[in-house]
Amino acid sequence: MIYLRLIWAYLKIGLFGFGGGYAMLALIEREIVGPGWLTEQMFTDIVAISQMTPGPIGINSATYIGYVAPAHSSAALSSPLWGILGSIVCTLTVVLPSFLLVAYTSHFIRRHKESAAIKGIFAGLRPVVVGLIASAALLLMNAANFGEEGRQVVWSLVLCAAAFAMVYWAKWHPILIICLAGAAGWIIYI
């Protein structure tokens, strides 16, 4: 049944998704697109929507994937109620491992925060998280995001570089960048 498979997938994502939503993207893509529950294009759209909505990207994407995956796995599960059940299942499943780990380890870490072992563990996790976030950036640099024909690839690269420059150097607000990117996409691609 699709719900048990979603629970298994999101337990793995919740247990091993260190570093937040962007670091989880490669794992989410492997667990969700790999079995064929969603296409790569749908996954890319879900990531974009999850980035624009309030809340953590991992939880937002779990909620949305839980809603659409049952209908894509079986026509018998195309009712919105099955989608809502999938959303609840995926959201709770992705949050549960982190909640339990934090509840279990927070007292221990607080007591031993000056320990060389704890400092070493966190020093080892930091570069891994940076690497996972970098892999998420590379994962999103695909044909679904940048297009396949020359003109679209060039415009996509220009928009990507402009958005990066406006956020990183000009310090523009990300919501303004999202609105401007939507307007630019509408002008360029329509």
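See the structure printed just above.
Residues numbered from 1 in each chain as written. Predicted model: local features only at pLDDT ≥ 70, side-chain atom pairs only at ≥ 80, totals over all residues. Heavy atoms only, no water.

## Section: the overall build of the protein
The line we're drawing: The helix and strand labels rest on DSSP assignments: H or I over at least four residues marks a helix, E over at least two residues marks a strand, and numbering proceeds from the N terminus. Relative accessibility decides the category of a residue: with a 1.4 Å probe and only protein chains considered, values under 20% of the type maximum give buried, values over 50% give exposed, and everything between is partly exposed. In this description, contact between two residues means that some pair of their heavy atoms is separated by no more than 4.5 Å. For every accessible area listed, the method is Shrake-Rupley and the probe measures 1.4 Å; residues are considered covered only by the protein chains on display.
The helix and strand inventory of the protein stands at 9 helices and 0 strands. For the protein, the N- to C-terminal ordering of α and β elements is α-α-α-α-α-α-α-α-α. Along the first, second and third principal axes, the C-alpha atoms of the protein reach 55 × 50 × 25 Å. Within the protein, buried positions represent 29% of all 190 residues. Contacts in the protein between residues far apart in sequence, at least 24 positions, make up 58% of those at least 6 positions apart. Summing over all exposed atoms, the protein offers an accessible surface of approximately 11800 Å²; the carbon and sulfur share of this is 73%.

## As for unusual backbone geometry
For lysine 171, which is not glycine, the phi dihedral falls at a positive 60 degrees. Judged by its relative accessible area of 62%, lysine 171 falls in the exposed class.

## Some words on the state of the cysteines
The cut-off we apply is this: Whenever a pair of cysteine sulfur atoms sits within 2.5 Å, that pair is classed as a disulfide.
Applying the stated criterion across every chain, the model contains 0 disulfides. Looking at the unpaired cysteine 160, the closest cysteine sulfur is the one in cysteine 179, lying at 18 Å. On the basis of relative accessible area, cysteine 160 is assigned to the partly exposed category, the value being 38%.

## Brief notes about the environment of leucine 25
Within the secondary structure, leucine 25 sits in helix α2 (residues 21-32). The residues contacting leucine 25, other than those within four sequence positions of it, are Phe43, Val47, Ile57, Ala136, Leu139 and Leu140.

## Points about the pattern of salt bridges
To be explicit about the condition: Every case where a carboxyl oxygen of Asp or Glu lies within 4 Å of a side-chain nitrogen of Lys or Arg is listed as a salt bridge.
Using the criterion set out here, one finds 2 salt bridges in the structure. Residue glutamate 31 is joined to lysine 12 by a salt bridge in which the shortest nitrogen-to-oxygen separation is 3.0 Å. Of the two residues, glutamate 31 sits in helix α2 while lysine 12 sits in helix α1 (residues 2-16), which places them 19 residues apart along the sequence. Residue lysine 12 is classed as partly exposed on the basis of its relative accessible area, which comes to 23%.

## With respect to the packing of α2 against helix α3 (residues 40-52)
Note the following rule: Here an angle of 0 to 180 degrees is reported between the N-to-C directions of two axes, which are lines fitted to C-alpha atoms, with helices fitted over the stretch in contact. For classification, angles of less than 35 degrees are called roughly parallel, those exceeding 145 degrees roughly antiparallel, those between 65 and 115 degrees roughly perpendicular, and all remaining angles oblique. The sense of a crossing depends on the near helix, which, turned anticlockwise from the far helix by less than a right angle, makes the crossing left-handed and, turned clockwise, makes it right-handed. Charged residues are taken to be Asp, Glu, Lys and Arg, nonpolar residues to be Ala, Val, Leu, Ile, Met, Phe, Trp, Tyr, Cys and Pro, and polar residues to be all remaining types, Gly included.
In contact at an axis separation of 12 Å, α2 and α3 are set at 155 degrees when each is read in the N-to-C sense. Taken as axis vectors, α2 and α3 run roughly antiparallel relative to one another. Read as a crossing pair, α2 and α3 show a hand that is right-handed. Taking contact as the criterion, the partners of Tyr22, Leu25, Ile28 and Glu29 in α2 are, on α3, Phe43, Val47 and Gln51. Per-class residue counts for the contact of α2 with α3 are 5 nonpolar, 1 polar and 1 charged.

## Things to note about the nonpolar core
What counts here: Nonpolar cores were defined as sets of buried Ala, Val, Leu, Ile, Met, Phe, Trp, Tyr and Cys residues, with membership established by side-chain atoms within 4.5 Å.
Ranked by size, the top nonpolar core spans 26 residues in total, and within it Leu6, Tyr10, Leu25, Ile28, Ile32, Trp37 and Ile65 carry the most contacts. Elements that contribute at least two residues to this core include exactly α1, α2, α3, α4 (57-73) and α5 (80-111). Looking at which element gives the most residues to this core, the answer is α1, with 6 residues. Residue contacts for tyrosine 10: discarding those within four places in its chain leaves Ile28, Ile32, Ser61, Ala62, Ile65, Cys90, Thr93 and Val94.

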